[in-house]
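# Structural overview
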Amino acid sequence: MTMNRLRPASLRDAIESDSLSLHYQMQVHVSDGRLSGVEGFVRWPHPSFGLLGPGEVLPLVEEGLLHVLFDGWVLRTLCAQVVRWRKEKVLVPLVAANIWSQTLRHPGIVEIVREAVAAGGAAAGMLELELPRGALADPALGDHLLEIRRLGVRLASDDLGREAGAPFLGADTLKLPRGADAAAVARVVAAGRELVARVVAEGVETAAERDALVAAGCEVVQGYVYGPEVSASDIRSLVSD
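Heads up: these notes are all about the structure in this document.

What counts, and at which threshold
The residue count restarts for each chain, going from 1 along the sequence in the order it is written. Only residues with pLDDT of at least 70 get local features here, since the model is predicted, and only at 80 or more are side-chain atom pairs given and counted; chain-wide, interface and lining totals rely on the full set of residues. In computing side-chain values, all of the structure's heavy atoms are included and hydrogens and water are not. Partly exposed describes any residue whose relative accessible area lies between the buried limit of under 20% and the exposed limit of over 50%, with all areas from a 1.4 Å probe on protein chains only and scaled to the type maximum. Every helix listed is a DSSP run of H or I at least four residues long, and every strand listed is a run of E at least two residues long, numbered separately from the N terminus. Any two strands between which DSSP finds at least two bridges are classified as paired. Think of it like this: strands point away, you trace from the first strand over the helix to the second, and a clockwise trace means the crossover is right-handed. Counted as salt bridges are all cases of a side-chain nitrogen of Lys or Arg within 4 Å of a carboxyl oxygen of Asp or Glu. Arc, as used here, means the arc of the directions from the helix axis to the C-beta atoms. Here, two residues are considered to be in contact whenever any of their heavy atoms come within 4.5 Å of each other.

Regular strands have side chains that alternate between both faces of the sheet. Where burial is concerned, the two faces of strand E6 (residues 154-157) agree: the one with Arg154 and Ala156 and the one with Leu155 and Ser157 are both buried. Judged from the 3 bridges that link them, strand E5 (residues 127-130) and E6 form a sheet pairing that is parallel. The residue bridging Glu130 from the neighbouring strand is Ala156, located in E6. The parallel pair E5 and E6 is bridged by helix H6 (residues 142-150), and the resulting crossover is right-handed. In this sheet, strand E7 (residues 173-176) lies alongside E6 in parallel orientation, the contact comprising 2 bridges. Looking at the pairing, Ser157 lines up with Leu174 of E7.

Quick look at the structure:
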């Protein structure tokens, strides 16, 4: 299989030469169609294998232990893109991306985030880190997450409240993954209201799924019901229309 010929060293070279790109999926306020934010997903325009997505890239990150290098590139790219959109008067309220637990454990993580925000010139409150499962309840990450929040950067969690209160501590956005049952939806919506946090249902593919979530109190939806991930220039066109 062609993908088996990809190696972490090639991905490292692509990161260091800034040869990756991000595509973005919209998060939409269902009531009025306003943009709530966008989530960035990596793309690798490979010279031999074409445009590769997370399914091909992320295993190489793990195999090559490239977590910190990869996440640093993503954060810098997100913050720089926010500034470009702002100069173009494209109103994107926030940009979000997943971050590896290995990166959060890195002793330099706070400085990595600080430098990404400062280098791009973006407002820290426009950047949101989507945390790995269990991160907000992990005492080993507590100090790092507290320092990141003190920078003004937002945190998102999809822990669904399984550990009474702890998973939602400090979350600015609560993510509902695709397939969450009615009890989980009700629990997260209630927690969002209590904490004044955004609740975003992701992976929503059909109008019926969207309408059921809205009926349960979820106001922001992300998924193919509003289209796939698109380039930064496509976001410009969509938001400007």
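Turning our attention to the pattern of salt bridges. Under the criterion given, the structure shown has 17 salt bridges. Between Arg12 and Glu16 there is a salt bridge; the shortest N-O distance is 3.6 Å. Taken together, the residues Arg12 and Glu16, both in helix H1 (residues 8-16) and 4 residues apart, mark about one turn of the helix. Relative accessible area serves as the criterion here: at 52%, Glu16 is assigned to the exposed category. Residue Arg133 is joined to Asp158 by a salt bridge in which the shortest nitrogen-to-oxygen separation is 3.0 Å. Remark: Asp158 occurs in the loop between E6 and E7 and Arg133 occurs in the loop between E5 and H6; sequence separation between them is 25 residues. Judged by relative accessible area, which is 47%, Arg133 ranks as partly exposed.

Residues three or four positions apart in an α-helix share a direction because the helix packs 3.6 residues into each turn. Buried residues of H1: Pro8, Leu11, Ala14 and Ile15, and no others. An end-on view of H1 places all buried positions within 115 degrees of arc, on one side of the element. Set apart from the buried face of H1 by more than 90 degrees, the exposed residues are Ala9 and Glu16. Where the residues of H1 are buried, they touch strand E2 (35-46), helix H2 (54-63) and helix H3 (67-87). Following H1 by one or two positions, Asp18 adopts a phi angle in the positive range, close to 60 degrees.

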